[in-house]
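Survey of secondary and tertiary structure
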Amino acid sequence: MNTDHQGIKVKRVTSRKRSRDGLRSHLTPAKKRTGSPEEPEGGHAVLMMEEKLEGDCSDQEDLFGDYDSILGDRAFLAKLEEVEFGMGCDNRVASDPGFDGAPHSPEDGYMALRTGDSKDCSSADVVSSLRDTFMDELPSSQLAFQQELLKKGAWSTNSSASPQTGDATGRTTRGRPTSRNRKDERDAEAQAKSSVTDRLKSAMRENATVSSLGVSTSAARKEAALTKEISAAMEAREAGPAGIDLGPFYGLPSKVKELISKQRGIKDLYDWQKTCLTLESVQQRRNLIYSLPTSGGKTLVAEILILRELLCRSMNALLILPYISLVQEKVRGLASLGLELDFLVEEYAGSKGRFPPVKRRKKKSLFVATIEKGHSLVNSLVEAGRLQGLGLVVVDELHMLGEGKRGALLEMTLAKVLYVSSSTQIIGMSATLSNTEDLQKFLKADNFTSDFRPVQLMEYVKVRDTIYEIHPKEEECFNFSRVLNFKYSSSMQKVDPDHIIALVAEVIPAHSCLVFCPSKKNCENVADMICKYLKKGFLKHREEEKARLLQELRESGAGALCPVLCRTVPFGLAYHHGGLTGEERRLLEEAYSAGTLCLLTCTSTLAAGINLPARRVILRSPYVATDFLKRSQYKQMVGRAGRAGIDSLGESILILQEKDRLSVSPAVLWSHWVSFVSCSSASPALRSQAKQLLSSPLESCYSHLMDANGQGIHSLILSLVGLKITRTLEQIRDFVSGTLLGVQQSHSCQEKSLWEIVQDSVEFLRHKGLISVSTDCENNTVLLVTNLGRATYKGSIDLTYCDVLYRDLSKGLDGLMLSSLLHLVYLVTPYDLVSQCKPDWMVYFRQLTSMTATELKMASVLGVPESFVARKAAGQSVRKPADPEVVGRLYLALVLLSMLKETDLWAVADRFRLTRGFVQSLLSSASAFCSCVLHFTEELGELWAYKALLTELMRRLTYCVKAELIPLMEVAGVQEARAKQLHGAGYKTLCHLANADPSLLVQTVPNLSKRQANQIVASAKMLLMEKAESLQEEVNELLSLPADLPSS
Ligand SMILES: Nc1ncnc2c1ncn2[C@@H]1O[C@H](COP(=O)(O)OP(=O)(O)OP(=O)(O)O)[C@@H](O)[C@H]1O
Ligand SMILES: [Mg+2]
């Protein structure tokens, strides 16, 4: 790789030039600033919901689905229509850590808180028209703020930074005296010739500078030089063949280095990062697996490789992350990088994402996807014959391959990429990999490992009041460290026999602490218990911020606040688990990251889900629910200890009780524990148990394609046939031999050969009516997918439910009740969630009594008569039992209907006696399943009538808020409460947000930090740009000459 950057021709920057001239925006109407009147995300749902919706964070569950996001912004489309049809070519353009001996109440003062030529008028019109009308509605608060700045002369220091003024022609001039108007006119003409893309881009870039009022001349010069460099690099890329180095920073322009430094505060790469990026395998684009301890900085390496793919090779890239929340966080975090470096960041999570993605000629996209959406995306690219356009697939947390149905899905995705597109590079990273050889063989990948950790981690265990230090690499790995020093009253000793309070009081509030608990309930209890004994002095620490947090929590719940949080937040404590709403989680996570909260009690999912490090991590017991901790889980949890750049060390303390020794199962190999048992006063029986543990294999990552009687392999083969990747049994066998299952066959399926597995699976699919056998013109036996089979794999419907779903939908056609949404909602209520929720018969009965006669009739036709529920509610025996699946599904449908009617999560959760987290999960699962059902029906002509109905229902389920908030909630990470605030402050459309001034947002939107404001604006700009680019591509497609046009 050329890292010297010798070959780059530096050219003068023209249209791409960024300026640092303060508060300007091509899209922001000058009149608003000057007062001039002239100016303007199936079946696979089952994959994980089944497993642990109750025990873990709800956002780990992601279902299949498609959501056409353009349809989401009606204002934008309406505007374009208007432009297209009517408007022609109009040119308008730490205090005292400790605890009290006695419990007390914490109430003090907290009452809870293209075509591109000049003939193409439409492009220019689109922009100017957007500019005119959308901007007429700029928030008055922004206007006031900018006028205030004008008065203060904030713009007078830099003439180019002055606001727009209007001229007599009605065109806008930007920050220049009238004598310069001719130049401006020429500029305007040139601009009118440019494509929507370029104009939007330049507008966005200028907007991106709004927060840079105080930039120094030298900084501006430096910035200009960097901008030149990137423009030159871009031009070099456009002129030359793909795959060339664009600059000195690992093939990238030094602009990238500057951006990483500016946006993340990372000035230099760690040595291992440098080594990894210069590996021969990386240079030659071979597949790579790299593993390092938690917090090792793996993400940055992946991001640099992604940027190389997007910028140097001009190829799209896919980043697969395990949770929706992580996808949203990444989309938010990368938006500003995308705007600066001219690529798109597209979100594929929940019900968001387009299949196949829009084909873009110029801009390249980074698709950030969950495991489920990543799979659907790859399928859609295979079907469209576009997989080769995907240059790179990066999988974070690669060990997920070994986790149940989601692992099977990830395996299918990677196996398809490997088989169909040999030019697509695959990179996988993880902190907890053991059998890397198997994974290397599967992915045909090189391996890089290092045990680098930026902050040293000290591991301890505590038994009774003694703390032992762990030295994992030493023979005698447990060394006595100290006896815990605490003064407990006898009542305290009873309440807190594990001395959690003493352990946390050693670090908080000056440092942060995470306490992992085995269950959700335990999280709440532990947080409550700690608060009862903390000194009142804790209340004074960051008092105002905590009061604000409580207020925000209350607002997010439309006035409702969890009583536990109400008690704990004033002490700087909170719990964190799947029972919280997404918004509550976000607020608590941000407060913890900012130091407002110093302690979180949490379930194991926090370890894998979010980057929330702590000085001290306490494992309250070696269990997750009732299962003994796996070594990889332990590693993930303790790995949270030690904040890079903040703490000089991190420490973990595992609390063990005598009884835990007996619970250690042979399946668990936990060398620390084993060594500890052998070195302490263990009985001979325990010692032999320890020996057995020592000889057990380490937890490895195994294929899950054969789970549940081969559900994974059946789904895989159905899609292989459907997508025409393979047509014969032999081809299928070859494909399967390249999967992780093929690599691990001797472990995962000893009793059958791969050939037998394939034959059985094909027989299963044939029997189910999903595939058929035929002969081709050469008399070879070939497999074909049936209509039901195609609908099943396209809708990502779990094979368990595909026939039930077809039956339900067909039945629905005979008598669909449309006077209420209940019947439709019932049809899209996920089957797999029924087992997660037992009906409360009294609540059920009350719901039935408030139903209309038509609804009651529908319920009865479905198989849930009122009399049945009445008898159940009265505790009487039922003579004619109803199908529990149908009964449970209708109950969940009632919950969903209530949510659609009221949009009040708390009230609905309360009425149905469910946790608000569950209700929210149900809603997001239903919206994702609705999109699966929509795809399913689209493939089956007899079900055509559902399309229009389900499209609208999906939209309602996805947002479940007042219609006015929907455009705002499309922006990654903007949730209901924030959308309400933004709407209240006058930011009503995506365009408002994309053009907002982050500084002003901070001033007018309560409790919004500058970082959050920047991210919201950058994400909105990215989304707006993505929509505009998509429309431009559609225009190009429509106007292009068909290659197969008959000619004379
Ligand atoms: N070269 C660097 N210098 C300073 N900080 C860095 C550097 N590289 C990464 N970091 C920071 O270190 C922190 C942890 O990095 P990252 O999230 O990539 O860890 P990870 O290896 O992916 O860990 P995990 O396995 O927990 O996901 C982040 O805050 C990141 O910004
Ligand atoms: Mg990571």
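Residues numbered from 1 in each chain as written. Chains lettered and ligands numbered in written order. Predicted model: local features only at pLDDT ≥ 70, side-chain atom pairs only at ≥ 80, totals over all residues. Heavy atoms only, no water.

- The name given to the chain in an unreviewed UniProt entry is Helicase POLQ-like, and the organism recorded there is Paramormyrops kingsleyae.
- Its UniProt record, at the heading Sequence similarities (unreviewed entry), says of the chain: "Belongs to the helicase family. SKI2 subfamily." (UniProt positions renumbered as here; feature names shortened; annotations may be inferred.)

1. Quick notes on the overall build of the chain
- Helices and strands together make up the secondary structure of the chain, namely 48 helices and 21 strands.
- Approximately 41,700 Å² of the chain is accessible, and the part contributed by carbon and sulfur atoms is 51%. (Helix = DSSP H or I, 4+ residues; strand = E, 2+ residues; numbered from the N terminus. Areas by Shrake-Rupley, 256 points an atom, 1.4 Å probe, with all protein chains shown as cover.)

2. Overview of the packing of helix α29 (residues 707-722) against helix α34 (residues 787-794)
- For the pair α29 and α34, the least separation of the axes is 10 Å and the interaxial angle reads 110°. Classified by the angle their axes make, α29 and α34 are roughly perpendicular. Here α29 and α34 pass one another in a crossing that is left-handed. Counting all contacts with α29, which are made through L718, S719 and G722, the residues of α34 involved are G789, T792 and Y793. (Axes fitted to C-alpha atoms, helices over the stretch in contact; angles between N-to-C directions. Parallel < 35°, antiparallel > 145°, perpendicular 65-115°, else oblique. Left-handed = near helix turned anticlockwise from the far one by under 90°. Contact = heavy atoms within 4.5 Å.)

3. Observations concerning the packing of aromatic side chains
- By the definition in use, this model includes 13 aromatic pairs.
- Plain terms: the ring middles of W272 and Y290 are 6.0 Å apart, the flat faces sit at 45° to each other, and that makes the pair tilted. In this pair, W272 sits in helix α10 (residues 271-277) while Y290 sits in strand β3 (residues 288-291), placing the two residues 18 residues apart along the sequence.
- A residue is classified by how much of its surface remains accessible, and Y290, at 0% relative accessible area, is buried.
- Plain terms: the ring middles of Y891 and F912 are 5.6 Å apart, the flat faces sit at 75° to each other, and that makes the pair edge-to-face. With Y891 in helix α40 (residues 884-902) and F912 in the loop between α41 (905-911) and α42 (916-938), this residue pair connects regions lying 21 residues apart in the sequence. Each of the two residues, Y891 as well as F912, counts as buried.
- Pairwise contacts between aromatic rings join W841, Y844, F868, Y891 and F912 into one cluster.
- Lying over the aromatic face of Y826, R889 brings its terminal NZ or CZ to 4.6 Å of the ring centre. (Phe/Tyr/Trp six-rings, centres within 6.5 Å; stacked < 30°, edge-to-face > 60°. Buried < 20%, exposed > 50% of the residue type's maximum accessible area, 1.4 Å probe, protein only. Lys NZ or Arg CZ within 6 Å of the ring centre and 35° of its normal.)

4. As for the site of ligand 1
- By nearness alone, 16 residues border ligand 1, and D268, S295, K298, T299 and R640 come closest of all.
- G296 places a main-chain nitrogen or oxygen 3.1 Å from an oxygen atom of ligand 1.
- K298 has a polar side-chain atom sitting 2.7 Å from an oxygen atom of ligand 1.
- For ligand 1, whose accessible area on its own is 640 Å², the fraction buried by protein is 79%.
- Residue contributions to the shell around ligand 1 peak at 3 residues, all from helix α12 (residues 298-312).
- Classifying every residue of the shell around ligand 1 by side-chain character gives 6 nonpolar, 6 polar and 4 charged. (Near = heavy atom within 4 Å. Polar contact = N/O pair within 3.5 Å; in protein donor to acceptor, adjacent residues only side chain to side chain. Nonpolar A, V, L, I, M, F, W, Y, C, P; charged D, E, K, R; others polar.)

5. Notes on the sheet that holds strand β5 (residues 344-348)
- In space, the 7 strands of this open sheet follow the order β5-β6-β4-β7-β8-β3-β9, with parallel pairing throughout. One side of each edge strand has no neighbouring strand; the edge strands of this open sheet are β5 and β9 (446-449). For this sheet the average axis-to-axis angle between neighbouring strands, irrespective of direction, equals 15°.
- Pairing of β3 with strand β8 (residues 425-430), which is carried by 4 bridges, proceeds in the parallel orientation. Note on β8: the bridge partner recorded for L288 is I427. (Pairing = 2+ DSSP bridges.)

6. Structural notes on helix α33 (residues 754-767)
- End to end, α33 covers 20 Å across 14 residues, agreeing with the expected 20 Å (1.5 Å per residue, within 8%).
- Those residues of α33 that fall on the buried side of the exposure criterion are L754, I757, V758, S761, V762 and L765. Down the axis of α33, the smallest arc covering the buried residues is 125°, so these residues share one side.
- Taken from the residues just after α33, G769 is the one with a positive phi, measuring 75°. (Expected span 1.5 Å × (residues − 1). Arc of directions from axis to C-beta.)

7. Details of the pairing of strand β21 (residues 781-785)
- Direction of pairing for strand β20 (residues 771-775) relative to β21: antiparallel, over a ladder of 5 bridges. When the bridges of β21 are listed, S772 appears paired with L784.
- The turn linking β20 back onto β21 is made up of 5 residues, and N779 within it adopts a positive phi angle of 65°.

8. Points about the environment of L550
- By secondary structure assignment, the location of L550 is in helix α21 (residues 543-556).
- Under the relative-accessibility criterion, L550 is labelled buried at 0%.
- Taking C-alpha positions, L550 is 9.5 Å from L587, a pair spaced 37 residues apart along the chain.

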